[in-house]
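Listed below are the residues making up each chain.
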Amino acid sequence: MNDERPGGAAPPAPADRASDPLTKIYVEPTNRCNLSCVTCIRHSWDESFEDLSWPAYRNLIEGLADFPEAETIAFAGFGEPLLHPRFPDMIRLAHDSGLRTEMTTNAMLLTSALAEQLVDAGLDQVTVSIDGTSDPSHGAIRPGASLDRIVGNVRTLYLWSLVKHTTPPGAGRGVKEETMAWLREVAGEPSPPIEMADYIYPLEDVLDSMPPAPVRIGIEFVAMKSNIHELPGLQEIAKKIRASFILVSNVLPYAPELQDQVLYDLSPTSHESGGDPRNPLWILPRMDWSRETLEAVAAVARQQANLSYLDLNLGQRNNYCPFIRPGSLAVSCHGGVSPCPPLLHSYTCYIRDWKKTFRRCEYGNLAEHSLGSIWRQPDYAAFRQRVRTFEFSPCIDCCGCEFAEGNETDCHGNPFPVCGHCLWARGVLRCP
Ligand code: SF4
Ligand code: SF4
Ligand code: SF4
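The present account deals with the structure reproduced in this document. Note that the coordinates shown come from a computational prediction; the quantities given were computed from them, not determined experimentally.

### Comments concerning the site of ligand 2
Line of reasoning, step 1. Within the structure, ligand 2 sits among C321, F323, I324, P339, C340, P342, L343, V387, C419, C422, W424 and A425.
Line of reasoning, step 2. A per-class count over the shell around ligand 2 returns 12 nonpolar, no polar and no charged.

### Examining the pairing of strand β12 (residues 347-351)
For a regular strand, side-chain orientation follows a simple rule: the groups alternate between the two sheet faces.
Line of reasoning, step 1. Of the two faces of β12, only the one carrying Y347, C349 and I351 is buried; T348 and Y350 on the other face are not.
Line of reasoning, step 2. Taken together, the five bridges between β12 and strand β13 (residues 354-358) define a ladder with antiparallel strand orientation. Each bridged residue has a counterpart across the sheet, and for C349 the counterpart in β13 is K356.
Line of reasoning, step 3. The hairpin turn running from β12 into β13, its antiparallel successor, is two residues long, and R352 in that turn takes a positive phi close to 50°.

### Observations concerning the nonpolar core
Line of reasoning, step 1. If you look at the biggest cluster of nonpolar residues, it comprises 95 residues, and the most contacted ones within it are I150, V154, L157 and Y158.
Line of reasoning, step 2. Of all the elements, helix α5 (residues 147-166) adds the most residues to this core, at 10 residues.
Line of reasoning, step 3. When sequence neighbours within four positions are dropped, the list of residues in contact with L157 reads L110, A115, V119, V126 and V215.

### Quick look at the sheet that holds strand β2 (residues 72-75)
Line of reasoning, step 1. Strands sit in the order β6-β5-β4-β3-β2-β1-β10-β11 across an open sheet of eight strands; the sheet is mixed. One side of each edge strand has no neighbouring strand; the edge strands of this open sheet are β6 (245-250) and β11 (337-338).
Line of reasoning, step 2. Two strands pair when backbone bridges link them, and strand β1 (residues 24-27) and β2 are joined in this way by four bridges, in the parallel orientation. Residue pairing in the sheet places I25 in a bridge with I73 of β2.

### Some points on the pairing of strand β10 (residues 328-331)
Line of reasoning, step 1. By the alternation rule, side chains of β10 split into S328 and A330 and L329 and V331, which are all buried.
Line of reasoning, step 2. Both β1 and β10 contribute to a ladder of four bridges, which runs parallel. Note on β10: the bridge partner recorded for V27 is V331.
Line of reasoning, step 3. Bridging between β10 and β11 involves two bridges; their strand directions are antiparallel.

### Quick look at the packing of helix α2 (residues 87-96) against helix α3 (residues 112-121)
Line of reasoning, step 1. Relative orientation of the contacting elements α2 and α3 amounts to 15°, with a least axis distance of 8 Å. Accordingly, the angle class assigned to the pair α2 and α3 is roughly parallel. Along this stretch, α2 crosses α3, giving a crossing that reads as right-handed. Within the contact between the two elements, α2 uses P88, I91, R92 and H95 and α3 uses Q117, L118 and A121.
Line of reasoning, step 2. Residue composition of the contact of α2 with α3, grouped by class: four nonpolar, two polar and one charged.

### Some remarks on the packing of α3 against α5
Line of reasoning, step 1. Where α3 meets α5, the closest approach of the two axes is 9 Å, and the angle between their N-to-C directions is 40°. When the interaxial angle is binned, α3 and α5 end up oblique. When the axes of α3 and α5 are compared, the crossing they make is right-handed. Residues S112, A115, E116, V119 and D120 of α3 touch α5, and the partners they reach there are T156, L157, W160, S161 and K164.
Line of reasoning, step 2. When grouped by side-chain class, the residues that make up the contact of α3 with α5 number four nonpolar, three polar and three charged.

### Section: the environment of S249
Line of reasoning, step 1. Positionally, S249 belongs in strand β6.
Line of reasoning, step 2. Distance in space between the C-alpha atoms of S249 and F221 is 6.2 Å, their sequence separation being 28 residues.
Line of reasoning, step 3. Residues contacting S249, with those up to four places away along its chain left out, are E220, V222, A223, L429 and R430.

### Considering the environment of K225
Line of reasoning, step 1. Of note, K225 is situated in the loop between β5 (216-223) and α8 (234-240).
Line of reasoning, step 2. When the C-alpha positions of K225 and V262 are compared, they lie 6.5 Å apart, and in sequence the two are 37 residues distant.
Line of reasoning, step 3. In contact with K225, not counting residues within four places along its chain, are Q261 and L263.

### Section: unusual backbone geometry
Line of reasoning, step 1. Following F416, the chain continues to P417 via a peptide bond in cis, the omega torsion being -10°.
Line of reasoning, step 2. With respect to the helices and strands, P417 occurs in the segment after α12 (395-398).
Line of reasoning, step 3. A positive phi angle, close to 65°, is found at A107, a residue other than glycine.
Line of reasoning, step 4. Turning to its location among the elements, A107 is positioned in the loop between β3 (100-105) and α3.
Line of reasoning, step 5. Residues other than glycine seldom take positive phi values, yet R352 does so here, at roughly 50°.
Line of reasoning, step 6. We classify R352 as partly exposed; it has 18 C-beta atoms within 10 Å.

The rules behind the values
- Residues numbered from 1 in each chain as written.
- Chains lettered and ligands numbered in written order.
- Predicted model: local features only at pLDDT ≥ 70, side-chain atom pairs only at ≥ 80, totals over all residues.
- Near = placed C-beta within 6 Å.
- Nonpolar A, V, L, I, M, F, W, Y, C, P; charged D, E, K, R; others polar.
- Buried ≥ 20, exposed ≤ 12 C-beta atoms within 10 Å, placed from the backbone.
- Helix = DSSP H or I, 4+ residues; strand = E, 2+ residues; numbered from the N terminus.
- Pairing = 2+ DSSP bridges.
- Core = buried A, V, L, I, M, F, W, Y, C linked by C-beta atoms within 7 Å.
- Contact = placed C-beta atoms within 7 Å.
- Axes fitted to C-alpha atoms, helices over the stretch in contact; angles between N-to-C directions.
- Parallel < 35°, antiparallel > 145°, perpendicular 65-115°, else oblique.
- Left-handed = near helix turned anticlockwise from the far one by under 90°.

The structure is reproduced here in structure tokens:
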């Protein structure tokens, strides 16, 4: 489907989208966590803690047989997936069903034994949450987390991934352990307990000459005023854990004191990617990023400009739902099916000085219904269609009435849930 809307002309959409393709499923294995980060949504909850039941998860995987476009299961949500007692089994079932498997983790519980199990089960991608480049700065946002331990744990997972890649299928335990020991040696790996300063790199060239590990590793960084200066340092950490991507998101303040930490100013922006008279499209060519060019482009960007760089429209993500548009849904730890991770739970947050209370939205529960019957429900299909055309009131820009305090309705008369406040649809918040 072509989502471009040149000149602001939206293509007519079919009325019945019950047969929309479903491509990616976000699964929240648990809402329990071993950490208590200052930025965590769980501080605004009074929910009980729960693990996704095995029957509900199996029902999900079996139901995906009716969705040939389904490619990926992403284990994420609001909790630490590694705390689910059957997490490696979840990966294995998805992998054996032909699905790509991804997970987001704080990596503190990623022991060598667990890393080996996950790799063997068929894990394809790990995104590790890192919010600072030193133990004190990371620990200030994620109390109790140790950056040294995280780096050591993810690096071990990378090595297990290489072991799987370089040993013959069905290789015995002894062969794998020998290969691991050799890899640790050539990687210059120190003996535990590992400190970052202990890493030595002269033999990293050996790893560079090997084929890429089958497990793709990434970093997720939540940028705030207190840690944005550490962003460049992620390059070095990415090298240590062999990360192939770094995803930067903004913070959504779930507590009032975090409002001072945001790095975005949500002034009205153009709603049309092709440009409009309120906010024209700036078309930029390739240029060197020198101080001179960066200062000029930053000055343009500060005007909330609609920017296009090398034909990539940087403003096109206004009113673009990164979950519904590509064909995703989200499953909560109690088996509920929601349209997106942000609608998995009820919570309070703060946007442009407004306290907002958003209510969870579910269209069914996998403990009781099949995935297909939930997906085809007329009210769920109608909601997906509303999100595609995005005819919600622009509550972020306006904040003009009490409807802006929640997601119940808006002045266009849209029924629950409404998305005119959504910072994911503005491209401000990102998920792997
Ligand atoms: S690791 Fe994630 S779920 Fe756990 S406390 Fe931190 S932000 Fe919350
Ligand atoms: S626009 Fe936002 S709230 Fe609405 S479905 Fe998409 S992510 Fe969820
Ligand atoms: S619902 Fe209220 S806050 Fe939202 S756009 Fe309409 S008047 Fe503004």
